[in-house]
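# Understanding the architecture of this molecule
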Amino acid sequence: VVTRDDVEESLKVIWQYVKDQEQLLKDLRSQIEETDQRLAVKQSERDYWLEYKNVGRKAQADKIRSLEKDIKEVKDDLHKAAEYYRNALEAVKEENDRLIERHVKLSKEQAPENAVRYLDKSSLREIEENEWLKQEIKMYQKEISDLKASIQLLEEENIGLVTKLINGRLQNL
């Protein structure tokens, strides 16, 4: 025997089951939509990467090669510029050294003249006398060398005369 309450209860359970099933179906539809959206996103990523694999990769590889070539050219230019500036620096250093040497030489030559300008009269006179004595020494040394040469000629002449004299006496004997 089934009572009305049992039927109502059974209908409520069935109705609740149908509602649960509808809710479950609704949840599944929303999960399917989310999965479809994720699938669409993944599909678009896949399409992007396939496009990159087929076209973009080659373009990127060409771009990379071009950039590597540019890098190599820049490095070569850098080495050339560095060498040029190194050589220019050496040339400037050598020129500076020559100018400094010339300046030092001129300074050394002008130093005595500059020193003489600031000397008192007695010191200046001593320097002049010293110069005069140096010239006198040179003249005397020249005279000495001339006299030595004359002596040597006279000695050679005397030896020649003595030799003739001895030869003449030997012949007279």
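Residues numbered from 1 in each chain as written. Predicted model: local features only at pLDDT ≥ 70, side-chain atom pairs only at ≥ 80, totals over all residues. Heavy atoms only, no water.

When you go through the protein residue by residue, the secondary structure sums to 2 helices and 0 strands. For a compact globule of 173 residues, the expected C-alpha radius of gyration is about 16 Å, and the protein comes in at 61 Å, more than 25% above that figure. Taken over the C-alpha atoms alone, the protein extends approximately 200 × 60 × 30 Å along its principal axes. Counting over 173 residues, the protein shows a buried share of 1%. Total accessible area on the protein is roughly 16,800 Å²; 58% of this is exposed by carbon and sulfur atoms. Positive and negative side-chain charges of the protein, numbering 32 and 38 respectively, have mean locations separated by a distance of 4 Å. (Helix = DSSP H or I, 4+ residues; strand = E, 2+ residues; numbered from the N terminus. Rg over C-alpha atoms; globule rule 2.2 N^0.38 Å. Buried < 20%, exposed > 50% of the residue type's maximum accessible area, 1.4 Å probe, protein only. Areas by Shrake-Rupley, 256 points an atom, 1.4 Å probe, with all protein chains shown as cover. Lys, Arg positive; Asp, Glu negative; His and termini not counted. Charge placed at Lys NZ, Arg CZ, Asp CG, Glu CD.)

To continue, consider the packing of aromatic side chains. According to the stated counting rule, one finds 3 aromatic pairs in the structure shown. Seen in terms of ring centroids, Tyr-48 and Trp-49 are 5.1 Å apart; in terms of plane orientation they differ by 75°. Their pairing is edge-to-face. For the pair Tyr-84 and Tyr-85, a centre-to-centre distance of 5.3 Å together with 70° between the ring planes defines the contact as edge-to-face. Among the residues examined, Tyr-84 registers a relative accessible area of 54% and is labelled exposed. Feature note: the residues Tyr-48, Trp-49 and Tyr-52 constitute an aromatic cluster, connected by ring pairs. (Phe/Tyr/Trp six-rings, centres within 6.5 Å; stacked < 30°, edge-to-face > 60°.)

Our focus in this paragraph is the pattern of salt bridges. For the structure shown, the criterion picks out 8 salt bridges. The salt bridge involving Asp-76 is made with Lys-72; its shortest N-O contact spans 3.7 Å. In this pair, Asp-76 and Lys-72 are both assigned in helix 1 (residues 4-117), 4 residues apart and thus about one turn of the helix distant. In this structure, the salt-bridge partner of Glu-95 is Arg-98, at a minimum N-O distance of 2.4 Å. Here Arg-98 and Glu-95 lie together in helix 1, a separation of 3 residues that amounts to about one turn. (Salt bridge = Lys/Arg side-chain N within 4 Å of Asp/Glu carboxyl O.)

Another point: helix 1. In a regular helix each residue adds 1.5 Å, so 114 residues correspond to 170 Å; helix 1 covers only 147 Å between its end C-alpha atoms and thus falls short of that length. Its maximal kink placed at Lys-53, helix 1 deviates by approximately 50°. (Expected span 1.5 Å × (residues − 1). Bend = angle between axes of the 7 residues up to and from the residue.)

Mapped onto the present numbering, the UniProt feature "coiled-coil region" (unreviewed entry) falls at residues 18-157. Spanning residues 18-157, this segment combines 98% helix with 0% strand, and its end C-alpha atoms are found 162 Å apart. (UniProt positions renumbered as here; feature names shortened; annotations may be inferred.)

Among the surface-exposed residues, Val-162, Ile-166, Leu-170 and Leu-173 lie close enough to one another that they form a single nonpolar patch of about 460 Å² accessible area. Note that Ile-166 resides in helix 2 (residues 121-172). Look at Ile-166 and you get partly exposed, because its relative accessible area is 47%. (Patch = residues over 30% accessible without salt bridge, like charges linked within 9 Å, V, L, I, M, F, W, Y side chains within 5 Å.)

This part covers a negative patch on the surface. The grouping of Glu-90, Glu-94, Asp-97 and Glu-101 at the surface amounts to a negative patch. Examined against the element boundaries, Glu-90 turns out to sit in helix 1.

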